[in-house]
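As a plain string of letters, each chain reads:
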Amino acid sequence: MCEAEEQGIVISNYPSFGYGVPNEWMAVPLLPFLHGVENEREIPLYANGKTRNFLREQYRRNHLASLIRGAARMVRCRSDNGERC
């Protein structure tokens, strides 16, 4: 259970961890998972797919690099216009 000031976590599967890596599941705090930021004040007023993915990737590099190595990325999606992010 979360404490009153905690917003929860998202448990997700990341098959891109790589072959032979024991980690395939990860619990990520809600705000970084949704927005790529650590607190509500940092959520942009407007964000397209590229902005959201940039913020998520920054969070991954700053906080999860030791768990998700190399080219593996926390974000796999398409931008608002359908291009790969």
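Per chain, residues are indexed from 1 in the order of the written sequence. Given that the model is predicted, a residue must reach a pLDDT of at least 70 before its local features are reported, and side-chain atom pairs must reach 80 or more before they are shown or counted; all residues, however, enter totals for whole chains, interfaces and linings. In computing side-chain properties, one takes all heavy atoms of the structure into account and sets aside hydrogens as well as water.

S.K.: Before we go on, may I ask you to explain the environment of Ala-47 in this structure?
M.R.: Examined against the element boundaries, Ala-47 turns out to sit in the loop between α1 (30-35) and α2 (49-64). Relative accessible area decides the class of each residue, using a 1.4 Å probe on protein chains only: under 20% of the type maximum gives buried, over 50% gives exposed, and in between gives partly exposed. With relative accessibility at 37%, the residue Ala-47 sits in the partly exposed group. The spacing of Ala-47 and His-35 is twelve residues in sequence and 9.0 Å in space, taken between C-alpha atoms. For the purposes of this entry, the term helix denotes a DSSP run of H or I that reaches at least four residues, the term strand denotes a run of E that reaches at least two, and both are numbered from the N terminus.

S.K.: Would you mind going over the pairing of strand β2 (residues 25-29) with me for this structure?
M.R.: Here is the key point about a regular strand: its side chains alternate between the two faces of the sheet. Only one face of β2 is covered, namely the one carrying Met-26 and Val-28; the face carrying Trp-25, Ala-27 and Pro-29 has none of its residues buried. In this structure, strand β1 (residues 9-13) lies alongside β2, joined through five bridges in antiparallel fashion. By the bridge assignment, Ile-11 is partnered in β2 with Ala-27. Here the rule is simple: two strands pair whenever DSSP picks up at least two bridges between them.

S.K.: What exactly am I supposed to notice about a nonpolar patch on the surface here?
M.R.: Surface patches are drawn from residues lacking salt bridges whose relative accessible area is over 30%; two like charges belong together within 9 Å, two nonpolar side chains (Val, Leu, Ile, Met, Phe, Trp, Tyr) within 5 Å. The Shrake-Rupley method, run with a 1.4 Å probe, gives the accessible areas here. Residue values count only the displayed protein chains as cover. The rule for a salt bridge is simple: a side-chain nitrogen of Lys or Arg has to be within 4 Å of a carboxyl oxygen of Asp or Glu. Together, Ile-9, Ile-11 and Trp-25 give the surface a local cluster of nonpolar side chains, amounting to about 380 Å² of exposed area. Relative to the helices and strands, Ile-9 is located in strand β1. Look at Ile-9 and you get exposed, because its relative accessible area is 53%.

S.K.: What is the right way to look at the pattern of salt bridges in this model?
M.R.: Counted by the stated rule, this structure contains two salt bridges. When the shortest N-O distance is used, the salt bridge between Arg-60 and Glu-57 registers 2.8 Å. Of this pair, Arg-60 and Glu-57 both sit in helix α2, separated by three residues, roughly a single helical turn. Residue classification places Arg-60 among the buried residues on the basis of a relative accessible area of 5%. Where Arg-61 meets Glu-57, a salt bridge forms, and the shortest distance between an N and an O atom there is 3.1 Å. Placement of the pair is Arg-61 and Glu-57 together in helix α2, with a separation of four residues, close to one helical turn. Given a relative accessible area of 52%, Arg-61 falls into the exposed group. The structure contains a network of salt bridges with shared partners spanning Glu-57, Arg-60 and Arg-61.

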